[in-house]
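# Secondary and tertiary structure notes
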Amino acid sequence: MPRRPFAGLALSLLPLAVFAAKAPPPSSYGPGQLPAAGSASEANPKAAKPAPGPKAPAAAAPAKPSGPPKIEFVDPASPMVSALKRHGETAAGVVSKRLLDALNAALASGGPVAAVEVCQTKAPALTAEKLPNRSPVTAVKRTSLRLRNPANAPDDAERAALDRVAAAVAKGEPPPAVLVQRIQTSDTAKPEWRVYKPIVAQPACLVCHGDPAAQPPGLRAALQQRYPADAATGYAAGEWRGLLRLTVTP
Ligand code: HEC
């Protein structure tokens, strides 16, 4: 049985992939991509409202427009979502380890600027790797409220997840260990399920995400050149950095 290709693990997952000469493709949406806000009827002409006319007969009315997607959080402790939560968390572990291994190897072999080269050449192989054990995770993305690459900007559902974590953090709580979200784009469509895992800044991250004044000049210049709107500096170790989003297609 052919499996869905693991298209979601795209280049932008690898922090260093960005240094590719070309801007990375607009992030790593998989099959579960949400329509942009307000675009539902463009995307699905059949769902468009009929032009108001004097005698639009009720019988000819097309399927009712689906409106904006319905975004809900589901208690991660609910038995209903335990399998998909587990798949999401397993995939999050695998993907985080791959990223961290690539990062550490690159940093060790010549420092942040040289690491860029190494990671750039490694990125294609890394991103082509599938998740093990026939994982039902079909897309992975990293996002944040303080972005380095605007291509990693959250969609509406990701934004809701980020806001939820930010609210907990603002109250002095640790980020929730996991979030589970159901997105319903229409009454009839199958829901999209997402699992979110918070990403926390570690000491190894701070060379590129810590105090910019402490960055080696070559690195600072490279980052500034590629990310003029970089908002992803000034982090401390242990600080909440963003979310890893995993779309699970059971
Ligand atoms: C060598 C520099 C470097 C290091 C070290 C580094 N990053 Fe990044 N990080 C980047 C770059 C460059 C991007 C932009 C990636 C892109 O273009 O998609 C990025 C992007 C991200 C993003 C995606 C959201 C955004 O702001 O665009 C997250 C989340 C992130 N990094 C977390 C981490 C974490 C966690 C660590 C430590 C484990 C880390 N980074 C270490 C350079 C680095």
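Residues numbered from 1 in each chain as written. Predicted model: local features only at pLDDT ≥ 70, side-chain atom pairs only at ≥ 80, totals over all residues. Heavy atoms only, no water.

### Some details on the coordination of the iron atom of the ligand
Among protein residues, the single donor to the iron atom of the ligand is His209 (NE2), with a metal-donor distance of 2.1 Å. Take His209: it is sitting in helix 5 (residues 206–209). (Donors = N, O, S within 2.8 Å, 3.2 Å for Na, K, Ca; no water. Helix = DSSP H or I, 4+ residues; strand = E, 2+ residues; numbered from the N terminus.)

### Let's talk about the nonpolar core
Counting residues in each nonpolar core, the largest one holds 17 residues, and the members touching the most others are Leu84, Val137 and Leu246. Of all elements in the fold, only helix 2 (82–108), strand 2 (137–143), strand 4 (192–200) and strand 5 (240–248) reach the threshold of two or more residues within this core. The next biggest cluster of nonpolar side chains, apart from the first, holds 9 residues, and it includes Val165, Leu179, Ile183 and Leu243. (Core = buried A, V, L, I, M, F, W, Y, C linked by side-chain atoms within 4.5 Å. Buried < 20%, exposed > 50% of the residue type's maximum accessible area, 1.4 Å probe, protein only.)

### Focus on the packing of aromatic side chains
Tallying each qualifying case throughout the model produces 0 aromatic pairs. Over the ring of Tyr235 we find Arg146; its NZ or CZ atom is 4.0 Å from the centre of that ring. Residue placement shows Arg164 over the ring face of Phe73; its charged tip is 4.3 Å from the ring centre. (Phe/Tyr/Trp six-rings, centres within 6.5 Å; stacked < 30°, edge-to-face > 60°. Lys NZ or Arg CZ within 6 Å of the ring centre and 35° of its normal.)

### A closer look at the pairing of strand 4
Note that strand 3 (residues 179–184) and strand 4 share 5 bridges and pair antiparallel. Across the sheet, Arg182 pairs through a bridge with Trp193, a residue of strand 4. Sheet topology places strand 4 next to strand 5; 8 bridges connect them, and they run antiparallel. Paired with Ile199 across the strands is Gly242, a residue of strand 5. (Pairing = 2+ DSSP bridges.)

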